[in-house]
Amino acid sequence: MSASRSILLIIGGGIAAYKCLELIRRLKDRGISSRVILTKAGEQFVTPLSVSALAGERCFTDLFSLTDEADIGHIALSRSTDLLVVAPATADLIAKMATGQANDLATTALLATDKRVLIAPAMNPRMWEHAATRRNMAQLERDGVLVVGPNSGAMAERGENGPGRMAEPMEILAAIEQALSSQVPPRAIGFLGRLPGGSAAAKPLAGKRVLITSGPTHEPIDPVRFIANRSSGKQGHAIAAAAAAAGAQVTLVSGPVTVPDPAGLTTIHVESAREMLAAVEGALPADIAIFAAAVADWRVADAAPEKMKKDGGALPALSLVENPDILATVAALKTGRPAVVVGFAAETEHVVAHAQAKLARKGCDLIVANDVGGTGVMGGESNTVHLVSRDGVETWPTLPKTEVASRLVAHLAGLATP
Ligand SMILES: Cc1cc2nc3c(=O)[nH]c(=O)nc-3n(C[C@H](O)[C@H](O)[C@H](O)COP(=O)(O)O)c2cc1C
């Protein structure tokens, strides 16, 4: 591992700032050095002294500091690094980045840099879901800014729950390592990173329509009960976001999930497999269709119209019927079939062999197969996938789901390019 890797960490004014102390320590363990800019608001949450002690050099706070300018000018500070990381990326910093403001050291460095930028948003769920933040995030994604998180869950404020928790230090570390890694294919760097002037190469899916399904389906038993599965939608939603960042016009058909709708695309919410098929058919035509949703294979034949009662008599028997096969239906279309149809195979054994059989059975062009037998894949942050096509099998290392998404989109851009 090279000892010369370095990041410029910008710590914004959010409760999650304290997690950056852990992040700096972990980065050091991996041989990645950090220079730190602390915003004025950030100083309310962590002290320059504790940051400096951990980073091993003083941290920067002031744009108009003669000492700092004499030492390393603000422009050089923004460029003498491999990656800029903003954590916590407050609603305020995100807004300033989206509008190109430069009224303090942090935002000036962000505007002056020629390096890639990774942000870890953290804020109250209402702030995250606010139309202004949605717009700003869509702009940042178009600008090629990398994003890790936020996660969903309980917030520091009592009773607040939802998307907005900053990604954990280890998740941010994984995203940093990935961004710094030379393993990222050049095409992926093209749209994940900043290209000078946002050149056409930065948008390899510009002009393409991409349709993606994501999440589980819920199949009703009665008005209050349903059959579900453990799919979180994280992988499908990440692919949708990556496709939008690559310039595609994206429609995401999402089953019931708690992850937020990605910015910069159209999301259609559905519950059951039959609703998902109808939404997919309504969203066609598309150039690329990616079926990442974990669609229930079966539904209850006669869902009860009223809540079923436990009356001490015989146990209810659920009779199941097969759901429509969305992937096979679209792959078999005689007219209007997308040029590239991708299926997902979540398997617990013989992953590649099952995926090869599925590829042949469904008539699609590519299967992204993963082993969901262990804990942590369904609902987790990382994934180990095999790309199974008629040309062979490509196995990728374990990667954050966001990175799997970026690589997959880069791969598909190659296939879909006329
Ligand atoms: C106790 C407290 C916690 C805050 N936490 C957050 C937060 O998690 N995310 C956020 O976007 N803003 C948060 N804010 C508001 C920001 O600190 C405020 O918008 C500030 O101007 C951000 O400045 P900066 O983006 O330059 O760091 C918080 C404010 C207070 C008083």
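Residues numbered from 1 in each chain as written. Predicted model: local features only at pLDDT ≥ 70, side-chain atom pairs only at ≥ 80, totals over all residues. Heavy atoms only, no water.

(A) A look at the domain arrangement of the protein chain. Assigned domains of the protein chain: these are domain 1 (6-180) and domain 2 (209-416). Taken together, both faces of the contact between domain 1 and domain 2 bury some 900 Å²; the carbon and sulfur share is 54%. On the domain 1 side of the interface with domain 2, the three residues burying the most area are Arg134, Glu141 and Gln178, jointly 48% of the side's total. Between domain 1 and domain 2 we count zero salt bridges in total. (Domains from an automatic or database assignment. Buried area = accessible area lost by both parts, 1.4 Å probe. Salt bridge = Lys/Arg side-chain N within 4 Å of Asp/Glu carboxyl O.)

(B) Fine view of the site of the ligand. Taken together, 14 residues surround the ligand, and among them Gly13, Thr39, Thr90, Ala91 and Ala122 come closest. Between the ligand and Thr39, the relevant distance is 2.7 Å, taken from an oxygen atom to a side-chain nitrogen or oxygen of the residue. In isolation the ligand exposes 640 Å². Once the protein is present, 63% of that is buried. Among the elements that take part in the shell around the ligand, helix α5 (residues 91-99) stands out by supplying three residues, more than any other. Of the residues contributing to the shell around the ligand, the split by class is eight nonpolar, five polar and one charged. (Near = heavy atom within 4 Å. Polar contact = N/O pair within 3.5 Å; in protein donor to acceptor, adjacent residues only side chain to side chain. Areas by Shrake-Rupley, 256 points an atom, 1.4 Å probe, with all protein chains shown as cover. Helix = DSSP H or I, 4+ residues; strand = E, 2+ residues; numbered from the N terminus. Nonpolar A, V, L, I, M, F, W, Y, C, P; charged D, E, K, R; others polar.)

(C) Structural detail: unusual backbone geometry. Between Ala87 and the following residue, Pro88, the backbone shows a cis peptide bond with an omega angle of -10 degrees. In this fold, Pro88 is placed in strand β3 (residues 83-89). A cis amide bond links Gly149 to the next residue, Pro150, at an omega of 5 degrees. Its location among the elements puts Pro150 in the loop between β5 (146-147) and β6 (151-154). In the Ramachandran plot, His350 falls in the positive-phi region, its phi being about 45 degrees despite a non-glycine side chain. By the secondary structure assignment, His350 is in the loop between β16 (340-347) and α14 (351-362). Assessed through its relative accessible area of 56%, His350 is described here as exposed. (Buried < 20%, exposed > 50% of the residue type's maximum accessible area, 1.4 Å probe, protein only.)

(D) View of the environment of Leu180. Assignment of secondary structure puts Leu180 in helix α9 (residues 169-180). Judged by relative accessible area, Leu180 falls into the buried class, the value being 19%. Once the C-alpha coordinates of Leu180 and Ser231 are considered, the two residues, 51 residues apart in sequence, prove to be 29 Å apart. If sequence neighbours within four positions are ignored, Leu180 has contacts with Arg5, Ile7, Ile32, Asp82, Leu83 and Arg116. (Contact = heavy atoms within 4.5 Å.)

(E) Structural view of the packing of aromatic side chains. One pass over the structure, following the stated rule, counts zero aromatic pairs. One Lys or Arg, Arg134, reaches over the ring of Trp128 and ends 4.5 Å from the middle of that ring. For the cation-ring pair, Arg407 lies above Trp396, with the distance from its terminal atom to the ring centre recorded as 5.9 Å. (Phe/Tyr/Trp six-rings, centres within 6.5 Å; stacked < 30°, edge-to-face > 60°. Lys NZ or Arg CZ within 6 Å of the ring centre and 35° of its normal.)

(F) Highlighting the packing of helix α1 (residues 19-29) against helix α2 (residues 48-55). Relative to each other, α1 and α2 sit at 10 degrees, their axes nearing to 9 Å. With respect to their mutual orientation, α1 and α2 come out roughly parallel. Residues Leu21, Ile24, Arg25 and Lys28 of α1 lie in contact with α2, whose contacting residues are Ser50, Val51, Leu54 and Ala55. Considered class by class, the residues forming the contact of α1 with α2 number five nonpolar, one polar and two charged. (Axes fitted to C-alpha atoms, helices over the stretch in contact; angles between N-to-C directions. Parallel < 35°, antiparallel > 145°, perpendicular 65-115°, else oblique.)

(G) Seen up close, the sheet that holds β16. Pairing in this open sheet of eight strands is mixed, and the strands run β12-β11-β8-β13-β16-β17-β19-β20 from one edge to the other. The two strands at the open ends of the sheet, each matched to only one other strand, are β12 (266-269) and β20 (392-395). Strand-to-strand, the axes of this sheet are offset by a mean angle of 15 degrees, without reference to chain direction. Pairing of β16 with strand β17 (residues 366-371) involves six bridges; the strand directions are parallel. If you follow Ala346 over to β17, its bridge partner there is Asn370. Packed onto the sheet, α14 meets β16, β17, β19 (385-389) and β20 and runs at close to 155 degrees relative to β17. (Pairing = 2+ DSSP bridges.)

(H) Layout of the sheet that holds strand β4 (residues 116-121). Taken together, five strands build an open sheet; the order of strands is β2-β1-β3-β4-β5 and the sheet is parallel. Of all the strands in the sheet, just β2 (33-38) and β5 have a single pairing partner and so form its edges. Two elements, strand β1 (residues 6-11) and β3, share four bridges in a ladder whose sense is parallel. In the sheet register, Leu8 faces β3, and the bridge partner there is Leu84.

(I) Structural view of the pattern of salt bridges. Enumeration according to the criterion identifies 15 salt bridges in this entry. Here Arg5 and Glu177 are joined by a salt bridge, their closest N and O atoms 3.4 Å apart. Here Glu177 lies in helix α9 and Arg5 lies in the segment before β1, a separation of 172 residues in the sequence. Under the relative-accessibility criterion, Arg5 is labelled buried at 15%. A relative accessible area of 18% places Glu177 in the buried class. Put simply, Arg165 and Glu168 hold a salt bridge, and the shortest N to O gap is 3.7 Å. Overall, Glu168 belongs to the partly exposed group, its relative accessible area being 31%. When salt bridges that share partners are traced, they join Arg5, Arg30 and Glu177 into one network.

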